[in-house]
Amino acid sequence: MSSIASFFSSFVSTVHNDAPEEKEPEVVEEAAAEEEEEPEDLHPVIRDECKEKRCTQLAKHFEHCQEKVQAGEGFKGEDCVEELCTSSHVSRHYLMMHCIDDCAAPKLFEKLV
């Protein structure tokens, strides 16, 4: 064996396919048996509530655009990104997603405390 091969073999063990397989004893951990259930993710629920209650006008405008585009009534290349980002129907020019996030963030952090 060359010196380079012996050098690398000192780091990596050699496994032979015809060698009998050594079975490790099975250990059942009590911690695994007592798995903690993960809490329900409230983020989607809270975001949906905000979309329905606080950001209704923006959401309706965006959904109307999507229905129009999916029906083939939109102009070529229309993807409703403008409706997702801005709306002329609301004086504050909220982004729909920003509106939902602004509404949901304090409620989510309140649940963490």
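The structure under discussion appears in the preceding block.
Residues numbered from 1 in each chain as written. Predicted model: local features only at pLDDT ≥ 70, side-chain atom pairs only at ≥ 80, totals over all residues. Heavy atoms only, no water.

A. Quick peek at helix H3 (residues 43-53). Turning to H3, its buried residues are Ile46, Arg47 and Cys50. Across the axial projection of H3, the buried residues extend over an arc of 100 degrees, all falling on one side. Looking at the buried side of H3, the elements it contacts are helix H6 (96-112). (Buried < 20%, exposed > 50% of the residue type's maximum accessible area, 1.4 Å probe, protein only. Helix = DSSP H or I, 4+ residues; strand = E, 2+ residues; numbered from the N terminus. Arc of directions from axis to C-beta. Contact = heavy atoms within 4.5 Å.)

B. Focus on the packing of H3 against helix H4 (residues 56-70). With their axes 5 Å apart at the nearest point, H3 and H4 run at an angle of 90 degrees to one another. The pairing of H3 with H4 is recorded here as roughly perpendicular in orientation. Across from Lys51, Glu52 and Lys53 in H3, the residues of H4 making contact are Thr56, Ala59 and Glu63. Taken together, the residues of the contact of H3 with H4 break down into one nonpolar, one polar and four charged. (Axes fitted to C-alpha atoms, helices over the stretch in contact; angles between N-to-C directions. Parallel < 35°, antiparallel > 145°, perpendicular 65-115°, else oblique. Nonpolar A, V, L, I, M, F, W, Y, C, P; charged D, E, K, R; others polar.)

C. Layout of the pattern of salt bridges. Under the criterion given, the structure shown has three salt bridges. Across the pair Lys68 and Glu78 runs a salt bridge whose closest N-O atoms are separated by 3.6 Å. Residue Lys68 is located in helix H4, and its partner Glu78 is located in the loop between H4 and helix H5 (81-85); the two are separated by ten residues in the primary sequence. Since its relative accessible area comes to 28%, Lys68 is described here as partly exposed. (Salt bridge = Lys/Arg side-chain N within 4 Å of Asp/Glu carboxyl O.)

D. Structural view of the state of the cysteines. All told, the structure shown has two disulfides when counted by the stated rule. With a sulfur-sulfur separation of 2.1 Å, Cys50 is cross-linked through a disulfide to Cys103. Handedness here is read from the sign of the S-S torsion; for Cys50 and Cys103, about -75 degrees, the answer is left-handed. Highlighted residues: Cys50 in helix H3 and Cys103 in helix H6, separated in sequence by 53 residues. Looking at Cys103, the relative accessible area reads 8%, which means it is buried. Two residues, Cys55 and Cys99, share a disulfide whose sulfurs are 2.0 Å apart. Between Cys55 and Cys99, the disulfide has an S-S torsion of -95 degrees and is therefore left-handed. Here the residue Cys55 occupies a position in the loop between H3 and H4, and Cys99 occupies one in helix H6, the gap between them amounting to 44 residues. (Disulfide = S-S within 2.5 Å.)

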